[in-house]
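# Fold and contact review
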Amino acid sequence: MGRDLHAMSLHYVMFVPTLQGQTDDEQLDEWLTLAVARGILGTYAQTELGHGTNLSRLETTATYDPKTEEFVLHSPTVTSAKWWPGSLGKSSNFAVVVAQLYT
């Protein structure tokens, strides 16, 4: 009997590759081992309720705060709510959040 990894597919197909492609060596050392061992479960949150996957219309913003070296995420309307994060939307504890970037 084979394993049904459907519930974990976004973790392996989107979350882990994003870590691999968009982190520096220090971040990769910290997060990749956890993700591969399922010490953290990640999903991919791009789709918005009002805009689907239309990247140019996404309302969610990520504004970089140089004082704290963090990104401040803001979803200003109901239509900006992230929608359809796959099966992991109910069980993940980390997410790659796609947003309009402001620096």
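It should be emphasised that the depicted structure is a prediction, and the values quoted were computed from it without experimental measurement. (Residues numbered from 1 in each chain as written. Predicted model: local features only at pLDDT ≥ 70, side-chain atom pairs only at ≥ 80, totals over all residues. Heavy atoms only, no water.)

### Side note on the layout of surface pockets
Quick note on the threshold: Cavities and pockets are found on a 1 Å grid laid over the protein atoms alone: a cavity is a set of points where a 1.4 Å probe fits but cannot escape, a pocket is an open set with protein on both sides within 12 Å along at least five of seven lines, and a lining residue has an atom within 4 Å of such a point. Grid points are joined across faces, edges and corners, and a volume is the space filled by probe spheres set on the points. Only DSSP runs of H or I reaching four residues or more are called helices, and only runs of E reaching two or more are called strands; each is numbered from the N terminus. For this classification, the nonpolar set comprises Ala, Val, Leu, Ile, Met, Phe, Trp, Tyr, Cys and Pro, the charged set comprises Asp, Glu, Lys and Arg, and every other residue, Gly included, is treated as polar.
Size it by volume and the largest pocket reaches roughly 950 Å³. Along its surface, the largest pocket is lined by 22 residues, and Q22, F71, A95, V96 and V97 are the ones closest to its centre. Elements represented by at least two residues in the lining of the largest pocket include exactly α1 (9-22), α2 (25-36), β2 (61-65), β3 (70-74) and β4 (94-97). Considering only residue class, the lining of the largest pocket consists of 16 nonpolar, four polar and two charged.

### Observations regarding the sheet that holds β2
Quick note on the threshold: Here the rule is simple: two strands pair whenever DSSP picks up at least two bridges between them. Interaxial angles span 0 to 180 degrees and are taken between N-to-C directions of axes, which are lines fitted to C-alpha atoms, for helices over the stretch in contact.
Reading across the sheet, the three strands line up as β3-β2-β5 and stay open at both edges, with mixed pairing between neighbours. The open sheet has two edge strands with one neighbour each: β3 and β5 (100-102). Ignoring which end each strand starts from, the neighbouring axes of this sheet average 25° apart. Sheet topology places β2 next to β5; three bridges connect them, and they run parallel. Considered in β5, the bridge of T61 is made with Q100.

### Let's talk about the pattern of salt bridges
Applied cut-off: For this document, the term salt bridge refers to a Lys or Arg side-chain nitrogen within 4 Å of an Asp or Glu carboxyl oxygen. Exposure is judged per residue with a 1.4 Å probe applied to protein chains only, and the accessible area is read against the type maximum: over 50% gives exposed, under 20% gives buried, and values in between give partly exposed.
With the rule as written, the count across this model stands at one salt bridge. With its nearest N and O atoms 3.4 Å apart, the salt bridge here joins K82 to E48. Here the residue K82 occupies a position in the loop between β3 and β4, and E48 occupies one in the loop between β1 (42-45) and β2, the gap between them amounting to 34 residues. With relative accessibility at 23%, the residue K82 sits in the partly exposed group. With relative accessibility at 1%, the residue E48 sits in the buried group.

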